[in-house]
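Summary of the model geometry
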Amino acid sequence: MTNAEKELEHVIQKRMGRILFWGMMVCTAIILTGGALYLSEHAGAKANFGVFITSQNQPRTLSAVVKGIVSSNGGAIIAAGILLLVVLQYVRVALSIGMFVRMKAWFFTGISVFILGVLLYALIV
Amino acid sequence: MLFLLLVFLISLAAGLLGVLTGLGGGVVLIPALMLLLGVNIHYAMGASLIAVIVTSSAAAPTFMSQGLSNLRIGLFLETAAAAGAVAGAILLSVVPSQFIGVLLGVVLLYSAYLSSRQKDDVTSERPSDPIAVRLGMEGEYPTADGIKVYRVYHVLAGTGLLGIAGVLSGLLGIGSGAVKVLAMDRIMRLPYKISTTTSNFIIGITAAASAGVYFTRGYIDPGLTMPVVLGVLAGATFGARVLLRAPSRILRLVFVIVIAVLGLQLIAKSIGIY
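Predicted, not measured: the structure shown is a model, and the values here were computed from it.

1. Description of the overall build of chain B
The helix and strand tally for chain B stands at eleven helices and two strands. Across chain B, helices and strands are ordered from the amino to the carboxyl terminus as α-α-α-α-α-α-β-β-α-α-α-α-α. Scaling as 2.2 N^0.38, a compact globule of 274 residues should have a C-alpha radius of gyration of about 19 Å, and chain B matches this with 18 Å. The dimensions of chain B, computed from C-alpha atoms along their principal axes, are 55 × 35 × 30 Å. Burial analysis of chain B (274 residues in total) assigns 63% to the buried set. Long-range contacts, defined as pairs at least 24 residues apart, comprise 82% of the intrachain contacts of chain B with a sequence gap of at least 6.

Here it is as structure tokens:
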């Protein structure tokens, strides 16, 4: 790598870091909002995570999360924040693709595209 | 409320430990939630997987602005880790949870062993692996005597190990930071700080690969995950800022003992003698 390329990589990495930081802040704000609602809904309830119950009233699909948000259910809003955190990792790989394209590093562009493909495949298994 | 506060405090400690040791936090979080608070292993794994994503995302901006994470090496290795994570998450439906408990205990003991060893960076005069040279993987890092170039060895062996790390990550809900650091630090011979920060960059992506499966199986409970996310975020953010001053030997020794005790307890509990 030439010095100009190194400089470019460093600048882009800094920018990616900033995007990740603000993404984290947005997710945290959503989870805090949902958390406050969740606590008011479950005030006085005893925590019970000792037994794994799959039928528990807990959103497990995207449509359940969306429905829950519409009825401002605290748990669903927390789940939305968590899912956004996962999506942020996809963004991280997508930003890497952008970086390698700008640097004309085609091998690493291909590698990043492959990883994004694996992540997307994981959604349908 | 008290329960959630305790979850928050445990997660804070796990996030701090995760960043300082490069282990990712999840490997400590799962046994702590199970053994101290009686949380079921599946919920603990779900919360931990999200904690791994948080640790990785919270510390990444700090490391990236310092140019410490080597993205080329990280993403090259992540191809194997992401594929392994998907395989691990699929395996979840056939593996009994006692086995998962014992496996996690073994990973903990191994992490303790790894953390107890001295982390001297050995500089070698041998040229890098030709693959690493061809792909421009070598980099620079700041040391006490100024900026130094580091070499990269055994790229393919390291990548193979990352595949195993990926399977463990999907199967256990952890970041497998210990195995990732082992691959980069011991096999590829990267400087320790480059290994931990590069590992930190990719653990979030690996965890995202199995997050979908965990979510649809109901492992990720919002009520439990909420205080975990907030605690780990606080711990990891703080941890990333103090990483440049590496933890003292006494602190490291405390980490090792805590991790080893948790590992032994978890194995005992999983095979039913505790």
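That shown, we press on.
2. Quick notes on the environment of Glu78 of chain B
As for its position among the elements, Glu78 of chain B is in helix H4 (residues 71-91). Residues Glu78 of chain B and Ser11 of chain B, spaced 67 residues apart in sequence, show a C-alpha to C-alpha distance of 26 Å. Setting aside anything within four residues of it in sequence, one finds Glu78 of chain B in contact with Ile115 of chain A together with Ile202, Ile205 and Thr206 of chain B.

3. Here we look at the nonpolar core
Judged by nonpolar contacts, the single largest core of 131 residues is most densely connected at Leu33, Ile50, Val54 and Ala82 of chain B. In terms of residue count, the dominant contributor to this core is helix H3 (residues 41-65) of chain B (16 residues).

4. A few points about the environment of Val65 of chain A
Residues and elements named next belong to chain A. Along the chain, the position of Val65 falls in helix H2 (residues 62-70). On the neighbour-count criterion, Val65 (22 C-beta atoms within 10 Å) is buried. When residues no more than four places from it in sequence are discounted, the contact partners of Val65 are Pro59, Ala76, Ala79, Ala80 and Leu83.

5. Quick look at the pairing of strand S2 (residues 146-150) of chain B
Residues and elements named next belong to chain B. Where strand S1 (residues 139-143) meets S2, five bridges bridge the pair, whose relative direction is antiparallel. In the sheet register, Gly139 faces S2, and the bridge partner there is Tyr150. Counted between consecutive antiparallel strands, the loop separating S1 from S2 contains two residues.

Definitions and cut-offs
Residues numbered from 1 in each chain as written. Chains lettered and ligands numbered in written order. Predicted model: local features only at pLDDT ≥ 70, side-chain atom pairs only at ≥ 80, totals over all residues. Helix = DSSP H or I, 4+ residues; strand = E, 2+ residues; numbered from the N terminus. Rg over C-alpha atoms; globule rule 2.2 N^0.38 Å. Buried ≥ 20, exposed ≤ 12 C-beta atoms within 10 Å, placed from the backbone. Contact = placed C-beta atoms within 7 Å. Core = buried A, V, L, I, M, F, W, Y, C linked by C-beta atoms within 7 Å. Pairing = 2+ DSSP bridges.

All we've got here are geometric facts, nothing functional implied.
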